[in-house]
Amino acid sequence: MAMNARIVLIAVVLLGAGLRVYDLGSESYWGDEIIMLDVAGSDVQRMCDDFVKGRPPVYVLLAHLWIKLFGTAEDATRSLSVVIGVAAIIACYHVGCVLFGVRVGLLSAFLLSISEFQIYYAQEFRYYALFVLLTLYAFLFFIMSLRDQRRRFCCAYVITTALLFYTHTYGVFVIAAQGIYMLIRWRHHKRRRVQWLLNQSLILALITPGLILAVYITITKTVEVMEWIPDPQWWTPIRTVLVFVFPRFTRPDTTFIFTVLAAGISYFVVGLLAVHWRRRMIGGGIAMIAAPDEEPSPETFPDRYLLVALWLLCPIVFPYILSKVFGPIYIDRYTISAAPAVYFLLSRVIEKCHRNIPAFLSITALVVLIVPGLCDYYRKPVKHQWREIASYIEQHARPGDVVVTFHENQKWWKKAFDWYFDADVPVLNFRRAQLPESDDIRRSLAPYAASAAKIYGVSAHRIDEQKLVYGRLEKRGMTAMTLLKTIYFEGFTVQVIKLSAATTDVLDDSKVKREPRMDANKR
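Residues numbered from 1 in each chain as written. Predicted model: local features only at pLDDT ≥ 70, side-chain atom pairs only at ≥ 80, totals over all residues. Heavy atoms only, no water.

## Some thoughts on a nonpolar patch on the surface
Piece 1. On the surface, a nonpolar cluster with roughly 560 Å² of combined accessible area is contributed by Leu313, Val317, Ile321, Leu322, Val325 and Phe326.
Piece 2. Positionally, Phe326 belongs in helix α15 (residues 304-326). (Patch = residues over 30% accessible without salt bridge, like charges linked within 9 Å, V, L, I, M, F, W, Y side chains within 5 Å. Areas by Shrake-Rupley, 256 points an atom, 1.4 Å probe, with all protein chains shown as cover. Salt bridge = Lys/Arg side-chain N within 4 Å of Asp/Glu carboxyl O. Helix = DSSP H or I, 4+ residues; strand = E, 2+ residues; numbered from the N terminus.)

Structure follows, in structure tokens:
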């Protein structure tokens, strides 16, 4: 590596590390992180049980060791993903160099380092940063094993690919991309066929237990169906590619989107006009003081465009097709392994067009489009504010009050709230369907109504007011109540409701017609 490239890479890595460390522990854990804490903080038997239920074990084992060393504070646990995310920047550079050369390697590493999508998951106590890192190394060693059949590259490829699959089940689509590439280029890799087949046999032997388990779970449906996943639309894959680079452009804040787009396009057009004017004034041969097109070196991979195209398409298209055939399984974050391919292609386009559009202009225009979203990401909460909710209730609740959580049959609700809530106030947990119908609600709240206590009702999202705790109780006929305050948090709404003795008449079982009883998830 030339000295200039080494300096630029160090600067890019430091930038990416700073963006991932900044504000790391400021937000509370959200539900999936609480689940990871619960699993990784348990014993080996519990982790094995979760593996049998379909949870990939690699990140869980790493997280288990990390918690033992650094504890369970937000910044401590998330620092595992930070370290992995920074390593992914370096890996992205190496893969870019092998595919397209040093300049594409540096630019793609830069795009990954400032990507809000990548930063978000590098600041989360979950699998996704490791999924990206292992995907990069799986492709790097795949290329190296085809170029050089030395045993170390083949072993590294087999081990990395197996770890990839046991980090996230969607790693199977990365393996599929590599397999399809080999089938298409079968005639051009005559010397590599035997070794490649041997590698695939070893990979298959290693991942077979996980594949059998995944198929068994799918057929028997022993794991709760993810009904919360929406059915992907025809434009969903296009949105996913956009999310990899400009996640804020997929949100309904039209003012923000138009403002950023106007700024980015204006900057690009003005810069292009300035370059054109400079060429006319100085002369075409002198105006573009830029390096010539970088020719592929002997180290670059000859079929790079095909491989990168499959890298991009397979983790997106296959889940989309399966969602249409068997039911929704498509989520943007599950396809994160395809994101580096977008960075490589975008970097290559910038490099190839640099004679007509200076690379500096293209890069800074991208920065103008990306940075406002990054500022918004750090300025506003993006994770569920369980810590803030618990803190608010702890500060304001008095003896005799009660907390009612209003959820959608998700176990992590109670786990997340209990993780942060530490007050001597009873907590009643009910499913959404129970609140307007169940006698359990009336029986549970009657003692608090008799003492004119307050209810702190916690509901999901800023939905219709009639679907929040107060609206549901009012709909049930509990009208002798007063809504004192509604406080909005990221992802949740807390309503402070004042009960009165008159409410007891409504809540009294003897004065209410009996209805079919439904079970409640009481604390």
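## Some words on the packing of helix α6 (residues 102-114) against helix α17 (residues 359-379)
Piece 1. Across the interface, α6 lies against α17 with an axial gap of 11 Å and an inter-helix angle of 15 degrees. By the angle class used here, α6 and α17 are roughly parallel. Of the two possible hands of crossing, α6 and α17 adopt the one that is right-handed. Contacts between α6 and α17 involve Leu107, Phe110, Leu111 and Ile114 on the former and, on the latter, Ile363, Leu366, Val367, Ile370 and Leu374. (Axes fitted to C-alpha atoms, helices over the stretch in contact; angles between N-to-C directions. Parallel < 35°, antiparallel > 145°, perpendicular 65-115°, else oblique. Left-handed = near helix turned anticlockwise from the far one by under 90°. Contact = heavy atoms within 4.5 Å.)

## Some points on the confidence of the model for the chain
In low-pLDDT segments, the atomic positions of the prediction should not be examined closely.
Piece 1. When pLDDT is averaged along the chain, the result is 83; 83% of the residues meet or exceed 70.
Piece 2. Element-level mean pLDDT values for the chain span from 42 in helix α14 (residues 284-287) up to 96 in helix α5 (residues 74-100).
Piece 3. Under a pLDDT of 50 for its full length, residues 284-293 has, in the predicted model, 18 contacts with residues more than four places off or in other chains. (pLDDT = per-residue confidence, 0-100.)

## Examining helix α18 (residues 386-396)
Piece 1. What α18 keeps buried is the set Trp386, Ile389, Ala390, Tyr392 and Ile393. Projected down its long axis, α18 shows its buried positions confined to an angular sector of 160 degrees, all on one face. (Buried < 20%, exposed > 50% of the residue type's maximum accessible area, 1.4 Å probe, protein only. Arc of directions from axis to C-beta.)

## Thoughts on the sheet that holds strand β2 (residues 427-431)
Piece 1. Ordered in space as β2-β1-β3-β5-β4, the 5 strands form an open sheet in which the pairing is mixed. Each edge of the open sheet is held by one strand with a lone partner, namely β2 and β4 (481-489). Pairwise comparison of adjacent strand axes, ignoring direction, gives a mean angle of 20 degrees for this sheet.
Piece 2. Those strands touched by α18 are β1 (402-407), β3 (454-460), β4 and β5 (492-499), and its axis lies near 175 degrees from that of β3. (Pairing = 2+ DSSP bridges.)

## With respect to the environment of Tyr128
Piece 1. Secondary-structure assignment places Tyr128 in helix α8 (residues 128-147).
Piece 2. Taking the C-alpha atoms as reference points, Tyr128 and Thr167, 39 residues apart in sequence, are found 8.5 Å from one another.
Piece 3. Apart from residues lying up to four places away in sequence, Tyr128 is in contact with Tyr121, His168, Arg333, Tyr334 and Ile336.

## Details of the environment of Tyr330
Piece 1. Tracing the backbone through its elements, the reader meets Tyr330 in the loop between α15 and α16 (339-352).
Piece 2. It is 9.4 Å that separates the C-alpha atoms of Tyr330 and Phe318, two residues lying 12 residues apart in sequence.
Piece 3. Non-local contacts of Tyr330, meaning those with residues more than four positions away in its chain, are made with Tyr170, Ile229, Pro232, Thr236, Pro237, Thr240, Ile316, Pro319, Tyr320, Ser323 and Thr335.
Piece 4. Among the polar contacts listed, one links the side chain of Tyr330 to the side chain of Thr240, at a separation of 2.8 Å. (Polar contact = N/O pair within 3.5 Å; in protein donor to acceptor, adjacent residues only side chain to side chain.)

## Comments concerning the packing of aromatic side chains
Piece 1. Summed over all chains, the structure comprises 30 aromatic pairs.
Piece 2. With a centroid separation of 5.8 Å and 20 degrees between ring planes, the pair formed by Tyr137 and Phe141 is classed as stacked. Note that Tyr137 and Phe141 are positioned in helix α8 at a spacing of 4 residues, about one turn of the helix.
Piece 3. Classification of Phe141 by relative accessible area gives buried; the value is 19%.
Piece 4. Following the ring pairs from residue to residue traces out a cluster consisting of Tyr22, Tyr59, Phe117, Tyr120, Tyr121, Phe125, Tyr127, Tyr128, Phe244, Tyr377 and Tyr378.
Piece 5. Sitting above the plane of the Tyr120 ring, Lys383 keeps its charged end 4.2 Å from the centroid. (Phe/Tyr/Trp six-rings, centres within 6.5 Å; stacked < 30°, edge-to-face > 60°. Lys NZ or Arg CZ within 6 Å of the ring centre and 35° of its normal.)

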